Amino acid sequence: MFLYKYIIDYSVMKTPDTFDMHFHSTLSDWLDTVDERIVQAKNLWLELITLTDHDVISTTDFSNQLEEVWIHTNPSVEISARNYEIPKSSHLTCYANSFSEDVFDILENTRTQKIKMIFEQSKKLQKLGFIINIEEFYKTFADLWNKRESLNKFHLSQYVFQNPKNINHIKSIVWREITVGDFFTLFLKENGDLYKKYGQRINDYEPSVEACWKIAQQNSAILSIAHPNFTFQKEWMDTFELLL
């Protein structure tokens, strides 16, 4: 609980025993609304929760709702960041008493550029023989409560595989059957064998790790790596251990 002790003056409150400092809602890429998340926290008797939606800072309204049910929180967000030296994208959770306006501007730019990145990637795949209807793609995931600005290339890979013609097209390229995950890794993920031809990147749409560290310093915030076991699996674990 050192994170909470560092961020919030809770001199009149005992240390929370039950807490959840990393979860999402329909504000980014989860099925439950903010209100539903609050009900869940109340039913679990949680004393502290922080809403860490992707590139969306939790609101004052969220805090006020929690006060009514005696649950503590603080402004928080999961930032899409990038180490431009490796290069490697990752997600960083950030917790503060409050965030300055420039942080909101940075995150708004990230959300806008994510939409542009998916659109440009879709157009490139279309030119290379894939059948993609971008509005149909958006609707497919909107029905699952995913907002446009939270969609990524793995979502696009899932959409591609919904069309048998796309699957046959992939077979004609790699001469074997592959999974959605294989397609994402080979075609759309940087360093993938076929990324140079099929992948599309929008340069510098994610703030650098250094910029995120500056955000943390300027806002007296705590910055941590979200799900490091996933982000740094396999070849990246050595990098993660060096950061420790």
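Just so it is clear, the model here is predicted, and its values are computed rather than measured. (Residues numbered from 1 in each chain as written. Predicted model: local features only at pLDDT ≥ 70, side-chain atom pairs only at ≥ 80, totals over all residues. Heavy atoms only, no water.)

### Some remarks on the packing of helix α4 (residues 101-127) against helix α6 (residues 153-160)
Stated formally: Helix axes are fitted to C-alpha atoms over the stretch in contact, other axes to C-alpha atoms as well, and angles between N-to-C directions run from 0 to 180 degrees. In this description a helix means any DSSP run of H or I spanning at least four residues, a strand means any run of E spanning at least two, and both kinds are numbered starting from the N terminus. For a crossing to be left-handed, the near helix must be turned anticlockwise from the far one by less than a right angle; the clockwise case is right-handed. When checking whether two residues touch, look at their non-hydrogen atoms; a contact exists if any pair is within 4.5 Å. As a working rule, the residues Ala, Val, Leu, Ile, Met, Phe, Trp, Tyr, Cys and Pro are called nonpolar, Asp, Glu, Lys and Arg charged, and the rest polar, with Gly in that last group.
Viewed as axis vectors pointing N to C, α4 and α6 meet at an angle of 35°, and their least axial separation amounts to 10 Å. In the packing of α4 onto α6, the handedness of the crossing is right-handed. Of α6, the residues touching α4 (which contributes Met117, Ile118, Gln121, Ser122 and Leu125) are Lys153, Leu156 and Val160. Partitioned by chemical class, the residues of the contact of α4 with α6 number 5 nonpolar, 2 polar and 1 charged.

### Some details on the sheet that holds strand β5 (residues 222-225)
Short version of the rule: DSSP bridges decide pairing: two strands pair if at least two such bridges lie between them.
The sheet built from 3 strands is open, its strands ordered β3-β4-β5 with antiparallel pairing. Of all strands in the sheet, those with a lone pairing partner are β3 (76-83) and β5, marking the two edges. Each adjacent strand pair in this sheet contributes to an overall mean axis angle of 35°, direction not counted. Relative to β3, helix α10 (residues 209-218) is tilted by about 145°, and along the sheet it contacts β3, β4 (88-95) and β5.

### Here's the deal with the confidence of the model for the protein chain
In plain terms, the rule: Confidence per residue, as judged by the predictor, is encoded in pLDDT with a range of 0 to 100.
Mean pLDDT for the protein chain: 85, with 86% of residues reaching 70 or above. Here helix α1 (residues 2-7) stands out as the least confident element of the protein chain, with mean pLDDT 42; helix α7 (residues 164-174) is the most confident, with 97. A low-confidence stretch, residues 1-13 stays under pLDDT 50, and its non-local contacts, those more than four residues away or across chains, total 26 contacts.

### Describing the pattern of salt bridges
Applicable threshold: Salt bridges are identified by distance alone: a Lys or Arg side-chain nitrogen within 4 Å of an Asp or Glu carboxyl oxygen. Exposure is judged per residue with a 1.4 Å probe applied to protein chains only, and the accessible area is read against the type maximum: over 50% gives exposed, under 20% gives buried, and values in between give partly exposed.
Enumeration over the complete set of coordinates arrives at 8 salt bridges. Here Asp32 ties to Arg37 by a salt bridge, and the two come within 4.0 Å at their closest N and O atoms. Just as Asp32 is buried, Arg37 falls in that class too. Here Arg82 makes a salt bridge to Glu190, at a shortest N to O gap of 2.8 Å.

### A few points about the side chain of Arg37
Stated formally: Any pair of N or O atoms that falls within 3.5 Å is considered a polar contact. Within protein, one atom must be able to donate a hydrogen and the other to accept it, and sequence-neighbouring residues count only if both atoms are side-chain atoms.
When you line up the elements, Arg37 lands in helix α2 (residues 34-43). Within the local environment of Arg37, its side chain forms a polar contact with the backbone oxygen of His24, the two atoms lying 2.8 Å apart. Setting aside residues no more than four positions away along its own chain, Arg37 makes contact with Phe23, His24, Ser25, Trp30 and Asp32.

### Section: the pairing of strand β1 (residues 19-23)
Heads up, the condition is: Throughout, right-handed denotes a crossover for which the path from the first strand over the helix to the second runs clockwise when the strands point away from the viewer.
Across 3 bridges, β1 lies against strand β2 (residues 48-51) in parallel orientation. Across the sheet, the residue bridging to Asp20 is Ile49, located in β2. Of the crossover connections in this fold, the one passing from β1 over α2 to the parallel β2 is right-handed.

### Looking at the nonpolar core
Threshold: Note on terminology: a nonpolar core comprises buried Ala, Val, Leu, Ile, Met, Phe, Trp, Tyr and Cys residues joined through side-chain atoms within 4.5 Å.
Residues Phe130, Phe137, Ile170, Phe183 and Phe187 are the most contacted members of the largest nonpolar core, which totals 24 residues. Of all the secondary structure elements, the ones that give two or more residues to this core are α4, α5 (134-142), α6, α7 and α8 (180-188). The residues contacting Phe130, other than those within four sequence positions of it, are Leu125, Val160, Asn166, His169, Ile170, Ile173, Phe183, Phe187 and Tyr198. One finds Ala81, Leu92, Cys94 and Val103 within the second-largest nonpolar core, a separate group that totals 14 residues.

### Looking at α6
Along α6, 6 of the 8 residues are buried, which leaves the element largely enclosed by surrounding structure. The complete set of buried residues in α6 reads Lys153, His155, Leu156, Ser157, Tyr159 and Val160. Residues of α6 that are buried sit in contact with α4, α5, α7, α8 and α9 (195-198). The distance from a side-chain oxygen at the start of α6 to the backbone nitrogen of Phe154 is 2.9 Å, and the residue carrying that oxygen is Asn152.

### Quick notes on a negative patch on the surface
What counts is decided by this rule: For patches, a residue must show more than 30% relative accessible area and have no salt bridge; joins then use 9 Å for like charges and 5 Å for nonpolar side chains, namely Val, Leu, Ile, Met, Phe, Trp and Tyr. Residue exposure ignores everything except the shown protein chains as possible cover, and the areas themselves are Shrake-Rupley values with a 1.4 Å probe. Charged residues are defined narrowly, with Lys and Arg counted positive, Asp and Glu counted negative, and His plus the chain ends left uncounted. Lys charges are placed at NZ, Arg charges at CZ, Asp charges at CG and Glu charges at CD.
On the surface, Asp35, Glu36, Asp61, Glu67 and Glu68 cluster together into a patch of negative charge. Broken down by secondary-structure element, the contributors of at least two residues to the negative patch are α2 and α3 (60-68). It is α3 that provides the largest number of residues to the negative patch, a total of 3 residues. Along the polypeptide, Asp61 turns up in helix α3.

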